[in-house]
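# Coordinate analysis (summary)
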Amino acid sequence: FADGREGSPFFLTHRLPPPSPIPFVSGRSLQLLQALGIPADPKRHRPLFPLTDRHRSVARQRLSALGLSPKRFVVFTPATTRPQKHWANERWGELAERLWNTLRLPALLLAGKNDRPLLERIARHSAVPLPFVHDLSLKEAVAVIEQAAVLVGPDSFPIHAALAVGTLTVALFGPNNPYRFRNEQSVSVLEHNLPCRPCGRRPICGGAFPCMSLITTDEVFAAVERWLAHLQRDTFQPATSPSKPSVVKGRLP
């Protein structure tokens, strides 16, 4: 479309007029098909992230090495490409403590190989073990997301991946408008309306980022609890003991 981001319209031979936004994650891609005369319905044509048995096997092995069982842990994906979308490090630690102390539900930090320092800082804020995986391949990491009971993360790739593989999600939104997720049944959006939102890539708060700092640990914990209530009793059961802090190696870009 003619309003493509990051200079992409300069490389187009045929620029289509920008369509009106629709509240589905895959909406814009499907609108491109519609503009080309191909029938598409965002309610029927859902996001898909193809995984193989090998990707799932690697994910299960890594989880087993950490003492985690499928659908019996919450995955945290705290990393983003811009600081205005980050949630405070200490709150991830607080959330891990609440999940374990209240529900006996362990948490796992998941990010890319360049995010290891961030994951280490977050893990130090938790009084309960908070293991992390930082270097799986992209598809192996998504297979880990598929195995989680719930994913908690800011506005970044993992919440899209969770939607594609059917994992219930708590999405933390600050500078961006989450309209694409509003009609997604498996995504719970947490946000606080402020006069400066949405600011996108041009924050005007001098680095305070109140849109993210206003999201409390209590809010996120309550949202996770609501999703857990939707899971079948024979799918989710509390763990018996928290896993020890560990780092599992792989390749996540």
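In what follows, the structure referred to is the one given above.
Presented here is an overview of the structure given in this document. (Residues numbered from 1 in each chain as written. Predicted model: local features only at pLDDT ≥ 70, side-chain atom pairs only at ≥ 80, totals over all residues. Heavy atoms only, no water.)

### Examining the overall build of the protein
- Helix and strand counts for the protein come out as eight helices and seven strands.
- Against the globule reference of 18 Å for 253 residues, the protein gives a C-alpha radius of gyration of 19 Å, in line with a compact fold.
- Principal-axis analysis of the C-alpha atoms gives the protein an extent of 55 × 45 × 35 Å.
- Considering the protein as a whole, with its 253 residues, one finds that 46% of them fall into the buried category. (Helix = DSSP H or I, 4+ residues; strand = E, 2+ residues; numbered from the N terminus. Rg over C-alpha atoms; globule rule 2.2 N^0.38 Å. Buried < 20%, exposed > 50% of the residue type's maximum accessible area, 1.4 Å probe, protein only.)

### Let's talk about unusual backbone geometry
- A cis amide bond links Arg 197 to the next residue, Pro 198, at an omega of -10°.
- Positioned with a positive phi, Arg 104 is a non-glycine residue whose angle comes to about 55°.
- Among the secondary structure elements, Arg 104 is positioned in the loop between helix 3 (89–103) and strand 2 (107–110).
- One non-glycine residue with positive phi stands out, namely Phe 209, at about 50°.
- For Phe 209, a relative accessible area of 17% translates into the label buried.

### Considering the nonpolar core
- Formed by 36 residues in total, the largest nonpolar core has its most connected members in Phe 76, Leu 99, Val 150, Val 152, Val 170, Leu 172 and Val 220.
- Elements that contribute at least two residues to this core include exactly strand 1 (74–76), helix 3, strand 2, helix 4 (116–124), strand 4 (150–154), strand 5 (168–172), helix 7 (210–213) and helix 8 (217–230).
- Here this core gets six residues from one element, more than from any other, and that element is helix 8.
- Residues Leu 108, Leu 110, Ile 159 and Val 187 belong to the second largest nonpolar core, which totals 31 residues. (Core = buried A, V, L, I, M, F, W, Y, C linked by side-chain atoms within 4.5 Å.)

### Side note on the state of the cysteines
- Inspection of every chain in the model, using the stated rule, returns zero disulfides.
- Left unpaired, Cys 199 is separated from the closest cysteine sulfur, that of Cys 211, by 5.8 Å.
- Assessed through its relative accessible area of 6%, Cys 211 is described here as buried. (Disulfide = S-S within 2.5 Å.)

### Quick word on the pairing of strand 4
- Taking burial as the measure, the five residues of strand 4 include five buried ones, the bulk of the element.
- Residues Val 150, Val 152 and Pro 154 line one face of strand 4 and the alternating positions Leu 151 and Gly 153 line the opposite face, and both faces are buried.
- Of the strand pairs in this sheet, strand 1 and strand 4 are connected by three bridges, and their pairing is parallel. The residue of strand 4 that forms the bridge with Phe 76 is Val 152.
- Sheet topology places strand 4 next to strand 5; five bridges connect them, and they run parallel. The partner of Gly 153 across the bridge, within strand 5, is Ala 171. (Pairing = 2+ DSSP bridges.)

### Some words on a nonpolar patch on the surface
- Among the surface-exposed residues, Leu 32, Leu 33, Leu 36 and Ile 38 lie close enough to one another that they form a single nonpolar patch of about 340 Å² accessible area.
- Mapped onto the elements of the fold, Ile 38 is located in the loop between helix 1 (27–35) and helix 2 (53–65). (Patch = residues over 30% accessible without salt bridge, like charges linked within 9 Å, V, L, I, M, F, W, Y side chains within 5 Å. Areas by Shrake-Rupley, 256 points an atom, 1.4 Å probe, with all protein chains shown as cover. Salt bridge = Lys/Arg side-chain N within 4 Å of Asp/Glu carboxyl O.)

### Focus on the side chain of Ser 188
- When you line up the elements, Ser 188 lands in strand 6 (residues 187–190).
- On the basis of relative accessibility, which here comes to 17%, the residue Ser 188 falls in the buried class.
- Aside from chain neighbours lying at most four places away, what touches Ser 188 is Thr 169, Val 170, Ala 171, Ala 223 and Trp 227. (Contact = heavy atoms within 4.5 Å.)

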